[in-house]
Every structure is written in C-alpha cells, then in structure tokens.
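Descriptive analysis of the structure
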Amino acid sequence: MNATVLVTGLGIVAPTGLGIEDYWSATLAGRSAVGRVTHFDPTPYPSRLAGEISGFAAEEYLPGRLLPQTDRMTRLALVGADWAFTDAGVVPSELPAYDVGVITASHSGGFEFGQNELRALWSKGGRHVSAYQSFAWFYAVNSGQISIRNGLRGPSSVVVSDQAGGLDALAQARRQLRKGVSVVIAGAVDASICPWGWVAQMTSGRLSTSDDPARAYLPFDDRAAGHVPGEGGALLVLEAAEHARRRGAPRVYGEIAGHAATIDPRPGSDRAPTLQRAIELALADAGTAPEDIGVVFADAAAVPDLDRAEAEAITKVFGPRGVPVTAPKTTTGRLYSGAAALDLAAAFLSIRDQVIPPTVGSTLSPSYEIDLVSGAPRPAEPRSALVIARGQGGFNSAMVVRAAEPAHL
C-alpha cells in the first residue's frame, strides 16, 4: 500500500522557542540560544556551551502526578505532543484507540533522571531509589508516556540510531500509515545536559571546546572544531491523506515523500561512505529529480572530515552549488535525535513561507562547492526539501518532503 502520508501538526520545543511561531521567528532572525551551560556548573569540563531551553516550567503544562516519574526530556516530549495534536486539530480520545500510534527516537534516554537516582543509591542506599527509575531512563519512555497520556494503542515503538533517529522514526511512522493506521505522532525530543550525559557526549570527541558562543559551532567553515550540544526537538502528526481529508484537517504542512537509510563501512575500510547513496535512494523513493529539490537541510557536523564527506555527497548529487544548503541548528546546537525532527519541521515551514533560514556564524570554506545560505534568510520558492541526518557509528538518513497537492489541502 502506497498511501500518501501528510504532516498535519507540529509540536516544537527548542532552545530558540517553545511553539511553532516563536521557534520560526527566532530561526529566521538568526537568534542563537547557544550559551554557557546553566543546568550544572560546567567549569571542570573542557566543553562548557550548550543550547538550553529556558522558560519551560513543566508544572504549567502537566499534571503533578507525572512530574515525579518523568525525566526532563519526557516532560518536553509530552508537551510537544500535546501541541502537535492541538495544531493538527486531533483529539486522540475521539479516534479509535488502535488507529493512532506513536513512534519516537532517542539518543540517550532519561540521563538526568538516571543520574539523580544513582546519586541517591550511592549516597543514601537502595531504599531511596525511586521505583520510577525502572522506566524513566529508558529509550522508549517518551513513546510509552505519550501513548499512556493520550490513550493510544496503535503501533508504538522507539528507534535508536543516534542523530539519524529523528528521520528514521518518521520513516517508520510512514510505513505504519501505509499499512492502514490512520494517525501516528512521531519525531524525537532529547535532553541530556547533566554531568552524566555531558561526560557521555564528550566521549565522541566531537564537542566544541570554544567558550565563544559565536565561534563554537561552525559547520562547513575552515574554523570548524566540533559541535555544541542542545536539548529539545519536535513531534509531528502524520496522517494518511484520505483520513486527513475525511476529518477536514485544518492545515496540511506537506507530504513525507521519500526516505532512505544507509550504514557507512567500518573505519579503516577501503569502502566509500554511503551518505550519497542514502540521498539518491530517498530521491528515488520520492520520485523526485535532484533539480526539483529547493533546499537541503544539512546534518552539519562541524567536524572537518564529516563536513567534507557531506559537502561532497551533496555536490555529487546536485552539482557544484546546485542547491541552497542550510543548517539552522547552528542557533540551537545539535539536539541529537531531536535535531533531525526539528529540521524536518523547519523544512515544512520553509516551504510554507517560501523562505530559507540562514546558517548562523559560519563562513563557507572555499574547499566546499556548496551554496550555503548564511547571514540572512533567503527568499525562495521551495516546493520540495531534503533533510539529512547522520549518527555516530555510521548511520545515515535522508528524507524528502514536499508541498501537498491541492487535492490534499
């Protein structure tokens, strides 16, 4: 079954804004949320900057009974899911429970909750460890808590493929919709800005050690020296086009048109990276030619070798400077699994408003033959967009989205 899959709702929780329009206006203005970590004292660590969400008070959005059993990432995910359903005009309780599913991605699970409970174990003993530790740290907890809160009994799961996970979760949701499910809420939210999570992220060797927020995260720049972590992400409501039409969906952001995922060969192998192949397969899945893509939302690792591999893949598919490329995540930091889902939301907003958001701070290296949008938003008329995401360990994911056909509006 090859049913058209539409996105009818967005729920955004990002360092640059809570909600669609706050996030989008900050993104177009190039306002960065990168700054010194405040969730803990980062002084002893070589990396001290992050994109943190400020002004979020979970008790203003969620019942008190949920707070003791949830990590910060889950609270953000629950609120993002509420906003996505509201934006889509979907009331889950009014739909058959088995017709609605939830599929999220996770990079690290509820690290902060786990850290607090381990501290209690070490300092006070096992009787002081919360029973909620049994699930609050788990990778699948966001899917579980969203499904419980909304009474969803359709296909539910979690995808773990590092920063590629946000796209992979949406691709899995698309598969479920093509099997006959009516609605799936999908995407990712991560939040691991705590000492335990920080040390785990530092093991990648990819975190920037700069203390200057304006120079810390510079993808495709000769000064690139790692990324800045962040927290947040996006949840999207996906529907089969026929279901959206029947219920009179108040808005349609566009279509999930194509997807592909590949795995790079092990380090030291003489085989080439497979990102280009992922892009080509995603375009083929969408039935879209390279010249039809109006903008590419890049993974933007800000690690020279990875930037070079991505720039070369884009150039080989689209030609030298053949398509505008942007990385608005420079204003939020890399949100791990949440990054790609947020980029996907930005792609739909770019198509909606006919504008490409800028990459902030970077000066394009002359060694890369890409058309990097920087400095200011670029007026454009994109009808289709490509979103690229890569995870540590060789995960590559590429997704093509496009404006909905008039019949679906």
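Residues numbered from 1 in each chain as written. Predicted model: local features only at pLDDT ≥ 70, side-chain atom pairs only at ≥ 80, totals over all residues. Heavy atoms only, no water.

Identification of the chain as Ketosynthase chain-length factor from Streptomyces javensis is taken from an unreviewed UniProt entry. Recorded in UniProt under Sequence similarities (unreviewed entry), the annotation for the chain is "Belongs to the thiolase-like superfamily. Beta-ketoacyl-ACP synthases family." (UniProt positions renumbered as here; feature names shortened; annotations may be inferred.)

A full pass over the atoms with the stated rule returns eight aromatic pairs. An angle of 85° between the planes, with centres 5.6 Å apart, marks the rings of Y61 and W83 as edge-to-face. Highlighted residues: Y61 in the loop between β4 (49–51) and α2 (72–88) and W83 in helix α2, separated in sequence by 22 residues. For W83, a relative accessible area of 24% puts it in the partly exposed group. Ring centres 6.4 Å apart and planes at 70° place the aromatic pair F138 and Y139 in the edge-to-face group. A relative accessible area of 40% places F138 in the partly exposed class. Three or more aromatic residues link up through ring pairs in this structure, and these residues are F40, Y45 and W198. (Phe/Tyr/Trp six-rings, centres within 6.5 Å; stacked < 30°, edge-to-face > 60°. Helix = DSSP H or I, 4+ residues; strand = E, 2+ residues; numbered from the N terminus. Buried < 20%, exposed > 50% of the residue type's maximum accessible area, 1.4 Å probe, protein only.)

This part covers the UniProt feature "domain: Ketosynthase family 3 (KS3)" (unreviewed entry) in the chain. The feature "domain: Ketosynthase family 3 (KS3)" (unreviewed entry), as annotated in UniProt, sits at residues 2–403 in this numbering. For residues 2–403, the end-to-end C-alpha separation is 18 Å, with 32% helix and 21% strand making up the annotated structure.

Next up on the list: the pairing of strand β8 (residues 232–240). The buried fraction of β8 amounts to nine of the nine residues, a majority that puts the element mostly inside the structure. A two-sided burial pattern is seen for β8, the buried positions comprising G232, A234, L236, L238 and A240 on one face and G233, L235, V237 and E239 on the other. Here eight bridges tie strand β1 (residues 5–14) to β8, and the two strands are oriented antiparallel to one another. Bridge assignment links V13 to a residue of β8, and that residue is G233. Of the strand pairs in this sheet, strand β7 (residues 183–190) and β8 are connected by eight bridges, and their pairing is antiparallel. Its bridge partner being in β8, V184 is matched across the sheet by L238. (Pairing = 2+ DSSP bridges.)

In this section: the side chain of N396. One can find N396 in strand β16 (residues 395–402). A relative accessible area of 2% places N396 in the buried class. In this structure N396 touches A260, A261, T262, I263, D264, T274, L275, A278, A389 and R390, once residues within four positions along its chain are discounted. (Contact = heavy atoms within 4.5 Å.)

We now examine empty space enclosed by the protein. Applying the stated criterion across every chain yields a total of one cavity of 30 Å³ or more. The calculated volume of the largest cavity comes to roughly 40 Å³. Taken together, Y23, P328, K329, T332, G333, L335, A339, L342 and D343 make up the lining of the largest cavity. If one sorts the elements of the lining of the largest cavity by residue count, helix α11 (residues 337–353) sits on top with three residues. (1 Å grid on protein atoms, 1.4 Å probe; cavity = no way out; pocket = protein on both sides within 12 Å on 5 of 7 lines; lining within 4 Å. Points joined across faces, edges and corners; volume = space filled by probe spheres on them.)

The next point concerns the nonpolar core. By size, the foremost hydrophobic cluster in this structure holds 49 residues, and its most contacted members are I12, L236, L238, I256, L344 and V401. Top contributing element to this core by residue count: α11, with 11 residues. Sequence-distant contacts of V401, defined by excluding residues within four places in its chain, comprise E255, I256, A257, L344, A347, F348, I351, R383, S384 and A385. Judged by nonpolar contacts, the second largest core, of 35 residues, contains V228, A257, A298 and V323. (Core = buried A, V, L, I, M, F, W, Y, C linked by side-chain atoms within 4.5 Å.)

Looking now at the packing of helix α6 (residues 165–178) against α11. Contact pair α6 / α11: the axes reach a minimum separation of 6 Å and the direction vectors enclose 65°. In this structure, α6 contributes G166, L167 and L170 to the contact, and α11 contributes S337, A340, A341 and L344. When its residues are assigned to classes, the contact of α6 with α11 shows five nonpolar, two polar and no charged. (Axes fitted to C-alpha atoms, helices over the stretch in contact; angles between N-to-C directions. Nonpolar A, V, L, I, M, F, W, Y, C, P; charged D, E, K, R; others polar.)

Glancing now at the layout of surface pockets. For the largest pocket, the calculated volume is near 820 Å³. Forming the boundary of the largest pocket are 40 residues, of which R206, G391, Q392, G393 and G394 lie nearest the centre. When residues of the lining of the largest pocket are traced back to their parent elements, those giving at least two are α7 (195–202), α10 (304–318), β15 (384–391) and β16. Classifying every residue of the lining of the largest pocket gives 14 nonpolar, 17 polar and nine charged.

With that settled, the discussion passes to unusual backbone geometry. Here the phi dihedral of F220 falls at roughly 65°; this positive angle occurs in a residue that is not glycine. Note on placement: F220 falls in the loop between α7 and β8. Its relative accessible area of 0% is what places F220 among the buried residues. With a phi angle near 55°, Q354 is a residue other than glycine that sits in the positive phi range.

On to the packing of helix α3 (residues 111–124) against α7. To characterise two packed helices, one gives the angle between the axes of the helices and the distance between these axes. Look at α3 against α7: their axes get within 8 Å of each other, and the N-to-C directions meet at 120°. Here α3 is positioned oblique relative to α7, judged by the angle of their axes. Seen from α3, the contacting residues are F111, G114, Q115 and L118; seen from α7, they are P195, W196, G197 and A200. Grouping the constituent residues of the contact of α3 with α7 by class yields five nonpolar, three polar and no charged. (Parallel < 35°, antiparallel > 145°, perpendicular 65-115°, else oblique.)

We now examine the side chain of T332. Considering the arrangement of structural elements, one finds T332 in the loop between β11 (324–326) and α11. A residue is classified by how much of its surface remains accessible, and T332, at 2% relative accessible area, is buried. Excluding residues that lie within four positions of it along the chain, T332 makes contacts with P15, T16, V34, G51, P229, G230 and L342.

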